[in-house]
Amino acid sequence: APIISTSTPAMAPVHHSKIPYSDVCNIFSEIESTSSRLSIVKICSTFFYSVLKQNPSNLIPITYLFINRLGPDYEPGLELGLGEGLLMKTIAESCGKSLQQVRAKYREIGDLGEVAQEARAVQPTMFKPKPLTVGEVFNNLKSIAKSQGKDSQTRKIQLIKRMLTACQGVEAKFLIRSLESKLRIGLAEKTVLISLSKALLSYEHNGEEPSSELVENAEQRVRDAFCQVPNYEIVINTCLEHGIMEVNNYCVLKPGIPLKPMLAKPSKSITEVLDRFHGEKFTCEYKYDGERAQVHLLPDGSINIYSRNGENMTERYPELHI
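Residues numbered from 1 in each chain as written. Predicted model: local features only at pLDDT ≥ 70, side-chain atom pairs only at ≥ 80, totals over all residues. Heavy atoms only, no water.

Engineer: Describe the overall build of the protein, with residues and values.
Structural biologist: Secondary structure assignment for the protein yields 14 helices and two strands. Seen through its C-alpha atoms, the protein measures out along the principal axes to roughly 70 × 55 × 45 Å. Considering the protein as a whole, with its 322 residues, one finds that 43% of them fall into the buried category. Long-range contacts, defined here as pairs at least 24 residues apart, represent 69% of the contacts in the protein between residues at least 6 apart. Of the accessible surface of the protein, which amounts to about 18400 Å², a share of 52% is contributed by carbon and sulfur atoms. (Helix = DSSP H or I, 4+ residues; strand = E, 2+ residues; numbered from the N terminus. Buried < 20%, exposed > 50% of the residue type's maximum accessible area, 1.4 Å probe, protein only. Contact = heavy atoms within 4.5 Å. Areas by Shrake-Rupley, 256 points an atom, 1.4 Å probe, with all protein chains shown as cover.)

Engineer: Help me get a handle on the layout of surface pockets, residues and values and all.
Structural biologist: The computed volume of the largest pocket comes to approximately 920 Å³. Along its surface, the largest pocket is lined by 21 residues, and Leu263, Ala264, Lys265, Glu285 and Arg292 are the ones closest to its centre. Secondary-structure elements contributing two or more residues to the lining of the largest pocket are α14 (270–276) and β1 (293–297). (1 Å grid on protein atoms, 1.4 Å probe; cavity = no way out; pocket = protein on both sides within 12 Å on 5 of 7 lines; lining within 4 Å. Points joined across faces, edges and corners; volume = space filled by probe spheres on them.)

Engineer: Account for helix α4 (residues 84–95), with residues named and values stated.
Structural biologist: Its twelve residues place the ends of α4 16 Å apart at the C-alpha level, agreeing with the 16 Å of an ideal helix rising 1.5 Å per residue. Of the residues making up α4, those classed as buried are Leu86, Leu87, Met88, Thr90, Ile91, Ala92, Ser94 and Cys95. Looking at the buried side of α4, the elements it contacts are α5 (99–109), α6 (112–121), α8 (152–166) and α9 (171–180). With its phi angle positive at about 70°, Gly96 sits one or two positions after the end of α4. (Expected span 1.5 Å × (residues − 1).)

So, to be careful, I would describe these as geometric facts and stop short of saying anything about function.
So this is what it looks like as structure tokens:
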């Protein structure tokens, strides 16, 4: 089977996206007020399908906005890391409030996103700003994350202020929450993955309702593929190019892309373990202190080391070599 590249390039900037950022924020609001997981899956999959119908390339940045990340965990330099102080200062400057007013409102509400939304709603504007698009917001978030060195804080503030000034309705709330890396709408990544598989399958079948057996099969294939290649861009593009039922033949374990680890389930006692494995053969091993890591030997002979969260921590161990 064809293989995927081990040196995964950073995701290309999203250009000319015609999907308004308000569409994503309205879906976030709908999810936030919904408690049923099945209903949330339906909301997400329906929206993802509409995105695919309009322009499939938009699905990748939208997926990352839904999981509140900017790329795969193993890709460096994609952490926003913005503190409350910087965000409060930016809200104050862009919404015509004093820093003291913003701080007081934050103490009262406890949600910077809602503080920004409220401040933006009462701010008069001479000219109606151009509506934000998904591509614009996603590219700006990546620019903020990658901004380093002298004057980087000033550049970050300017980018955030530019976006906040253009925010309408609930956009300010979710923009600030994304910058905080706290979306807080009760959307689990597993739910997003299931919704993606449903949307991709519907798109592949031209909107026809597939059988429940086919849906279940597709979900399992996408989950398995993502466990081996935890990169939404690769998985989505592979499904679009080769079909969702072929994704497992292309998204396979490769050096340089850390797979998702199987996490342990804590047990309260040895009797609980024995009860769970009643009638089954199983093995045990001692748990040692230390780093749990994946060590990848790349084709060029170099070594990459990844944490169990998929973060590249090779630089911490310069003494490790072939």
